[in-house]
Amino acid sequence: MNIVFRIAWKNLMRHRGKSLVIGSILFTGALIMTVGNAVISGLDAGLAQNFRQRMTGDIVVVSTQQLKDNVFFTPMGEPVESIDQLADVLKVVTANPAVRHALPVAKGVVTVLNEDSEPSFQMLFGVDFDNYFRTFPDGLQLVEGTLPSGNTLGLILSTQSREELFKFANLWAVPVGEGIVTRNLPAGVTPDSVIRKDQMVYMGFSDRNTSLDIIAPVRAIGKYAAFNGLWGFFSLIDIQSYNQCMGYFDDQEAPIIAEKDQKLLNHSEQNLDEMLFGNAETTPISQSTTATSTATVATTSSTSGYNLILVRIDPKQTIPDTILQLNQSFKKQNLPAKAITWKAALGQVAQMASLMRAILFGFVMIVFIVAIIVITNTLSLAAMERITEIGMMRAIGAHRRFISWLFITETGVLSIVFGLAGIGVGTLLVMFLRLLHIQAANNLVELFYGGTTFKPLLSITDIGLGILQLVVVTVVSVIYPILIARKISPMDAISRE
Amino acid sequence: MPIIQLSNVTKDYALGETLVSALRGVDFSVEKGEFLSIIGPSGSGKTTLLNIIGCIDTATTGSVMISDQEITKMNDEGRTDLRLYKIGFIFQTFNLIAVLNVLENIEFPLLLMDKLSKEEIRKRAQEHADAVGLTQYTHHRPSELSGGQRQRVAIARALVTNPDIVLADEPTANLDSKTGATILQLMQHLNETQKTTFIFSTHDPEVLQYARRIVKIKDGRIVES
Ligand SMILES: Nc1ncnc2c1ncn2[C@@H]1O[C@H](COP(=O)(O)OP(=O)(O)O)[C@@H](O)[C@H]1O
Ligand SMILES: [Mg+2]
């Protein structure tokens, strides 16, 4: 009805002050909600990109023996159960059409034997390097050295692990054959004040009595593209060295992994010998022995240290669907494996991120509710101030629905003008914030940003969500004032004059 | 068949603890086309009576029939329809919509009806503005008009829908006698030409010369009809 709009418009213009008050609340609310939505989306997208595409994959396959899903950051370095029948399990995983990459990982804790100080600990991912870089092409940034590939034995030490070792034993790890890069040293530390170290001596840290000491040459120093403070606890080691270190051998004193891997292992033993005795600069350490000298038989059915399979799926497929399919296949073939989400595998870390998200969402909801309360209040006051006018319209023949429409139109016009302006300005602000490239100061803030840089994200869906929130605020705010206005009778206009 | 028929109508107002009886059993009827004046001292119940006939207030007891419809049994929707389509009400205090100009105020009930075209509405409103002598003021806001001019806007607004009944509560009370006379003459003219039923209240004996029938009210009772 044209008349409703005309009167509504004139009312808004006449009560400019009040219109501006409601308008600014709508504007501010829409702006904050837009930015809030964008921060939440940025957090989600950042987590997806950084964890799923660079570290954990979308799905993690673990052994059915593994009771706790929290497999990455296990409390007290508790070991993760190995996956039995790994080759069959892998076959099932790779056969699933949704799966793009499947990376078996042997995750474990080793003791680092240091020459002149107490032993320390490190967390390792035993992997096939080639597969690792195929699965997570931009997961790791090279800091020093050259990234190992193929059957190269050795270690990609994370900057985080390097710094811990330095703090613990004043040892500064560098890739084999390379010098100390001064600018990578902690601030105030000079090259000659540290002990250069280009290989690690690891002693397997497992519940079986079969571990060995191994020497792992440092091939590269790497930094994770995001969450380095967190993921940097893990250094990468070739799977052969890992298995040797943890004592996964069969009767023939060779790890049974896959045929291909077995070939590599034979090769690796030679390499290790070479490394130990051929390199004049490194003094063999008393505790360390070659892999061939003291190999023992594995006591359980597991013949490899692989305890995780990190799976990346086609982005068009959903994680829950794929998990369901995988678990059905495992069950059908009676394989002792189960698929879980990356979030479940991350345990508390993912929970922290979810908490951040919930806090943000709560903040947006508070803005939402405050906006509703303030607008409801202002409109209710306006309704009461307009009792005479409304009563008079009713006396002349305006129906209650006319009065309702009048309020809806007035608020709606404000909502469209100021609310959409708020969404627009919010969108610009989000774009501006992205340009600033704000860096996370610590791990917690990094979780809040979903990555190293603050990258709020506004998709069409988010803008749609913002508009929906605006509509809800408008509709909800106007209900109570309308109820008041509808109660106004013609007599209210008359008895007050 | 009377267009308005009241039987034993009472109206009590709660005034704090006590009940004020504004009407104490009113019986009276009005035929179509009458030009009737309700006279009585201040506080006698004139406004209350007109408000009940005009579907603005409800009777406490009794029956009120307008065009054969029992309004005391109607819901808000039905009574609003009656106010819009059948009754034109001229209030003692004009009651115009402040944000609308003269022409828009006159158009307002027609716009609420939503039956005529925009052009037709504009034309009718203009005619009624001319009829009450406000041709030059159609684009003025109520606040820019004198009391008499405002009352004329209210009259034009009450008449623009061609209602069966026009109720006017002391239409001249806030006007000087000259303006008051002009307005009563205007109403008289419309009654004669359009056969509209007019009921107006007054406590001013001078106004009575315009009435063709006089109803006297005192203490909420009709004392002479
Ligand atoms: N809304 C009201 N609340 C309480 N008493 C009222 C109200 N309206 C009118 N009255 C009382 O009812 C009586 C009749 O009033 P009213 O109809 O306004 O008389 P009149 O218009 O003849 O001056 C008076 O005593 C008045 O005080
Ligand atoms: Mg009165």
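Definitions and cut-offs
- Residues numbered from 1 in each chain as written.
- Chains lettered and ligands numbered in written order.
- Predicted model: local features only at pLDDT ≥ 70, side-chain atom pairs only at ≥ 80, totals over all residues.
- Heavy atoms only, no water.
- Domains from an automatic or database assignment.
- Contact = heavy atoms within 4.5 Å.
- Buried area = accessible area lost by both parts, 1.4 Å probe.
- Polar contact = N/O pair within 3.5 Å; in protein donor to acceptor, adjacent residues only side chain to side chain.
- Helix = DSSP H or I, 4+ residues; strand = E, 2+ residues; numbered from the N terminus.
- Near = heavy atom within 4 Å.
- Areas by Shrake-Rupley, 256 points an atom, 1.4 Å probe, with all protein chains shown as cover.
- Buried < 20%, exposed > 50% of the residue type's maximum accessible area, 1.4 Å probe, protein only.
- Pairing = 2+ DSSP bridges.
- Salt bridge = Lys/Arg side-chain N within 4 Å of Asp/Glu carboxyl O.
- Nonpolar A, V, L, I, M, F, W, Y, C, P; charged D, E, K, R; others polar.
- 1 Å grid on protein atoms, 1.4 Å probe; cavity = no way out; pocket = protein on both sides within 12 Å on 5 of 7 lines; lining within 4 Å.
- Points joined across faces, edges and corners; volume = space filled by probe spheres on them.
- Axes fitted to C-alpha atoms, helices over the stretch in contact; angles between N-to-C directions.
- Core = buried A, V, L, I, M, F, W, Y, C linked by side-chain atoms within 4.5 Å.

1. A closer look at the domain arrangement of chain A
Residue and element names in this part refer to chain A.
Move 1: Assigned domains within chain A: domain 1 (2-51 + 352-496) and domain 2 (99-313).
Move 2: Taken together, the contact between domain 1 and domain 2 spans nine residues of the former and seven residues of the latter.
Move 3: Note on domain 1 versus domain 2: buried area summed over both sides is about 590 Å², and carbon and sulfur give 69% of it.
Move 4: The largest per-residue losses of area from domain 1 upon contact with domain 2 belong to Phe51, Asn443 and Glu446, which jointly make up 65% of the total buried on that side.
Move 5: For the interface between domain 1 and domain 2, the tally reads two residue pairs in polar contact (both at pLDDT 80 or more).
Move 6: Counting residues per element, the ones that place at least two in the side of domain 1 that touches domain 2 are α2 (16-52) and α14 (443-449).

2. Focus: the site of ligand 1
Residues and elements named next belong to chain B.
Move 1: In the vicinity of ligand 1, the contacting residues are Tyr13, Leu15, Val20, Ala22, Pro41, Ser42, Gly43, Ser44, Gly45, Lys46, Thr47 and Thr48.
Move 2: With respect to ligand 1, the backbone of Gly45 contributes an N or O atom lying 3.1 Å from an oxygen atom.
Move 3: Notes on ligand 1: free accessible area 550 Å², of which the protein chains cover 68%.
Move 4: Elements supplying a minimum of two residues to the shell around ligand 1: β1 (4-15), β2 (18-30) and α1 (46-53).

3. Some points on the pairing of strand β2 (residues 99-112) of chain A
All names here are of chain A.
Move 1: Within β2, 12 of the 14 residues are buried, which leaves it mostly tucked inside the rest of the structure.
Move 2: Strand direction decides the pairing type here: β2 and strand β11 (residues 308-313), joined by six bridges, are antiparallel. Pairing of Ala102 across the sheet is with Val311, part of β11.
Move 3: For β2 and strand β3 (residues 120-127), the ladder comprises seven bridges, and the chain directions are antiparallel. Following the sheet pairing, Val112 is matched in β3 by Ser120.
Move 4: Relative to strand β8 (residues 199-204), β2 runs antiparallel, the two sharing three bridges. In the sheet register, Val112 faces β8, and the bridge partner there is Tyr202.

4. Some details on unusual backbone geometry
All names here are of chain A.
Move 1: A positive phi angle, near 50 degrees, is found at Phe227, a position not held by glycine.
Move 2: In this fold, Phe227 is placed in the loop between β9 (213-224) and α6 (228-231).
Move 3: Given the relative accessible area of 2%, Phe227 is considered buried.

5. Looking at the interface of chain B and chain A
Move 1: With 28 residues of chain B in contact, the opposing surface of chain A contributes 23 residues.
Move 2: Buried surface at the junction of chain B and chain A, both sides included, amounts to about 2,400 Å², of which 65% is carbon and sulfur.
Move 3: The tally of links between chain B and chain A comes to six salt bridges.
Move 4: A:Arg400 is the salt-bridge partner of B:Asp76, the closest N and O atoms lying 3.8 Å from each other.
Move 5: At the surface where chain B touches chain A, the tally comes to seven residue pairs in polar contact (both at pLDDT 80 or more).
Move 6: Counting only elements with at least two residues in the side of chain B that touches chain A, the list comes to α2 (76-85), α3 (102-113) and α4 (118-131) of chain B.
Move 7: Split by residue class, the side of chain B that touches chain A holds 13 nonpolar, four polar and 11 charged.

6. Comments concerning empty space enclosed by the protein
Move 1: All chains considered together, the criterion is met by six cavities of 30 Å³ or more.
Move 2: Approximately 130 Å³ is the volume attributed to the largest cavity.
Move 3: Lining the largest cavity are A:Asn11, A:Leu12, A:His15, A:Lys18, A:Ser19, A:Ile22, A:Leu379, A:Ala382, A:Glu385, A:Arg386, A:Glu410 and A:Leu414.
Move 4: Counting only elements with at least two residues in the lining of the largest cavity, the list comes to α1 (2-14), α2, α11 (348-385) and α13 (400-436) of chain A.
Move 5: Tallied by class, the residues present in the lining of the largest cavity amount to five nonpolar, three polar and four charged.
Move 6: If you go around the second largest cavity, the residues you meet are A:Ala395, A:Ile396, B:Gly54, B:Arg83, B:Leu84, B:Ile87, B:Gly88, B:Phe89, B:Pro109, B:Arg157, B:Ala158 and B:Thr161.

7. Some details on the sheet that holds strand β8 (residues 197-202) of chain B
All names here are of chain B.
Move 1: Judged by pairing direction, the sheet is mixed, and its six strands sit side by side in the order β6-β7-β8-β3-β9-β10 without closing on themselves. Whereas interior strands pair on both sides, the edge strands pair on one side only; in this sheet they are β6 (87-90) and β10 (221-224). The sheet shows a mean angle of 25 degrees between the axes of neighbouring strands, direction not considered.
Move 2: Here strand β3 (residues 35-39) runs beside β8; their pairing, made up of five bridges, is parallel.

8. With respect to the sheet that holds strand β5 (residues 69-70) of chain B
Residues and elements named next belong to chain B.
Move 1: Taken together, four strands build an open sheet; the order of strands is β2-β1-β4-β5 and the sheet is antiparallel. Each edge of the sheet is formed by a strand with only one pairing partner; in this case those strands are β2 and β5.
Move 2: As judged from the five bridges shared by β1 and strand β4 (residues 61-66), these two strands associate in the antiparallel manner. In the sheet register, Gln5 faces β4, and the bridge partner there is Met65.

9. Observations concerning the environment of A:Ile460
Move 1: Within the fold, A:Ile460 resides in helix α15 (residues 460-487).
Move 2: Sequence separation of A:Ile460 and A:Pro315 is 145 residues, and the distance between their C-alpha atoms is 19 Å.

10. Side note on the side chain of A:Ser19
Move 1: Within the secondary structure layout, A:Ser19 lies in helix α2.
Move 2: Not counting residues up to four positions away in its chain, the partners in contact with A:Ser19 are A:Leu12, A:Leu414 and A:Phe418.

11. Points about the side chain of A:Thr409
Move 1: Secondary-structure assignment places A:Thr409 in helix α13.
Move 2: In this structure A:Thr409 touches A:Val4, A:Phe5 and A:Ala8, once residues within four positions along its chain are discounted.

12. Brief notes about the nonpolar core
Move 1: Ranked by size, the top nonpolar core spans 82 residues in total, and within it A:Phe51, A:Phe72, A:Tyr202, A:Trp231 and A:Phe330 carry the most contacts.
Move 2: Per-element accounting of this core gives the leading share, eight residues, to β2(A).
Move 3: Residue-level mapping places this core at the junction of two domains, with at least three residues from each of domain 1 (2-51 + 352-496) and domain 2 (99-313) of chain A.
Move 4: With residues near it in sequence (within four places) discarded, A:Phe51 still touches A:Gly46, A:Thr56, A:Gly57, A:Phe227, A:Leu230, A:Trp231, A:Trp342, A:Leu346, A:Val349 and A:Leu447.
Move 5: Counting residues in each nonpolar core, the second largest holds 80 residues, with A:Ile3, A:Ala493, B:Ile106 and B:Leu184 among its members.

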